[in-house]
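# Survey of secondary and tertiary structure
Okay, here's what each chain looks like letter by letter:
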Amino acid sequence: MLIGSNLWEEFFKGYMSEIKIWERELNDEEIRNEFVRKNDTHFSQSRSWLLGIFLFLLALGYMLRRRLLLKEAENAPKKAAITELGKPVAVAEQIWCFGGLKVFTPEGKDVSLKFSPKIKQLFVLILLHSVGRQKGISSNKLSDCLWPGVSPQNAKNIRGTNIQNLKALLAPCTGMKLVFRDKHWMLEFADSYFIDYAIAESKLIELESNTDEERLVEELSVLLPILKKGTLFPSMSESWVDPYINNMSNRIIEFGLNIFRLLNEVKH
């Protein structure tokens, strides 16, 4: 009996509890009932949190949209421009991080479906260190995050194999390239490349220091469709990704509260 490994010979990192062994093979319904029993509480809490965030964003968008419509007669040209901003970005190659990782080729094919669990972690870790002002991640840090406790030589071999596999999987994505520069691994993107996480980051930075109501509506028309897809990397629970998820969630909530305070000040 082997527990804690998978088809890619990647070993489970963490703790296990309530391991059960049955004397017979369970049918689909029995497996489902066991899974639902264990995850019902966690799922309910997560669903309630996501519903709260969605309703919060929906109310925020409604309030700002309502204020914009009140000025429709005098600002008709601007309204048309804002409507255009709300449309999906017209580029084929995209990376979605909110609502679950998806990496689309120019033909619209999601190559992330072929990622093993460890390849997915490797890609996300390098991606997070490549957007914004990040300058990549070193090989040692990659190994510390993904293969802790493994000897340096073994970690180097495993890392090299996984990086080569990742490069092969990303080959159809012509606007993205995995490179090693200045002793750091990073992803380089074409100017038109769409990454929802990078756009959300830039929009939040712009909006956090902006008090112009019409500008807020314009920027929110781009930001809200991204946030409504779901939370950042919802299926990942690694410790190194938690700070990014928590930081994004806290910024979104704080930004929303600031918007409501701003609207209240304008109203009075």
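Right, let's walk through the structure included here. (Residues numbered from 1 in each chain as written. Predicted model: local features only at pLDDT ≥ 70, side-chain atom pairs only at ≥ 80, totals over all residues. Heavy atoms only, no water.)

The next subject is the pattern of salt bridges. As enumerated under the stated definition, the model contains five salt bridges in all. Measuring nitrogen to oxygen at the nearest pair gives 3.3 Å for the salt bridge that ties Lys20 to Glu34. Of the two residues, Lys20 is situated in the segment before helix H1 (28–70) and Glu34 in helix H1; the sequence distance between them amounts to 14 residues. On the basis of relative accessible area, Glu34 is assigned to the partly exposed category, the value being 22%. Between Asp196 and Lys229 there is a salt bridge, with its nearest N and O atoms 3.0 Å apart. (Salt bridge = Lys/Arg side-chain N within 4 Å of Asp/Glu carboxyl O. Helix = DSSP H or I, 4+ residues; strand = E, 2+ residues; numbered from the N terminus. Buried < 20%, exposed > 50% of the residue type's maximum accessible area, 1.4 Å probe, protein only.)

Between helix H4 (residues 139–146) and helix H5 (residues 152–170), the least distance of the axes is 10 Å, while the angle of their chain directions is 95 degrees. Considering the angle they form, H4 stands roughly perpendicular to H5. Contact with H4, carried on its side by Ser139, Leu142 and Ser143, involves Ala155, Arg159 and Ile163 of H5 and no other residues of that element. (Axes fitted to C-alpha atoms, helices over the stretch in contact; angles between N-to-C directions. Parallel < 35°, antiparallel > 145°, perpendicular 65-115°, else oblique. Contact = heavy atoms within 4.5 Å.)

Here the focus is the pairing of strand E4 (residues 184–189). Examined bridge by bridge, strand E3 (residues 176–181) and E4 share six bridges and lie antiparallel to one another. Bridging across to E4, Lys177 finds its partner in Glu188. Here E3 folds back onto E4 in antiparallel fashion, the turn holding two residues, of which Asp182 has a positive phi close to 55 degrees. (Pairing = 2+ DSSP bridges.)

We now examine the side chain of Asp110. Residue position: Asp110 is located in the loop between strand E2 (102–104) and helix H3 (117–128). In this structure Asp110 is buried but unpaired, with Lys102 as the nearest side chain of opposite charge at 4.3 Å. A polar contact is formed between the side chain of Asp110 and the side chain of Ser112, at a distance of 2.5 Å. Sequence-distant contacts of Asp110, defined by excluding residues within four places in its chain, comprise Lys102, Val103 and Phe104. (Lys, Arg positive; Asp, Glu negative; His and termini not counted. Polar contact = N/O pair within 3.5 Å; in protein donor to acceptor, adjacent residues only side chain to side chain.)

So, on to the packing of H3 against H4. Packing of H3 against H4 brings their axes to within 11 Å, and their N-to-C directions diverge by 135 degrees. Here H3 is positioned oblique relative to H4, judged by the angle of their axes. As H3 packs across H4, the resulting crossing turns out to be right-handed. In this structure, H3 uses Lys118, Gln121, Leu122, Leu125 and Ile126 to contact H4, whose residues at the interface are Leu142, Cys145 and Leu146. Here the contact of H3 with H4 is composed, by residue class, of six nonpolar, one polar and one charged. (Left-handed = near helix turned anticlockwise from the far one by under 90°. Nonpolar A, V, L, I, M, F, W, Y, C, P; charged D, E, K, R; others polar.)

Our next topic: unusual backbone geometry. For Asp182, which is not glycine, the phi torsion reads 55 degrees and is therefore positive. Mapped onto the elements of the fold, Asp182 is located in the loop between E3 and E4. Positive phi is not limited to glycine here, since Lys183 has a value of about 65 degrees. Mapped onto the elements, Lys183 comes out in the loop between E3 and E4.

In short, geometric facts, not functional conclusions.
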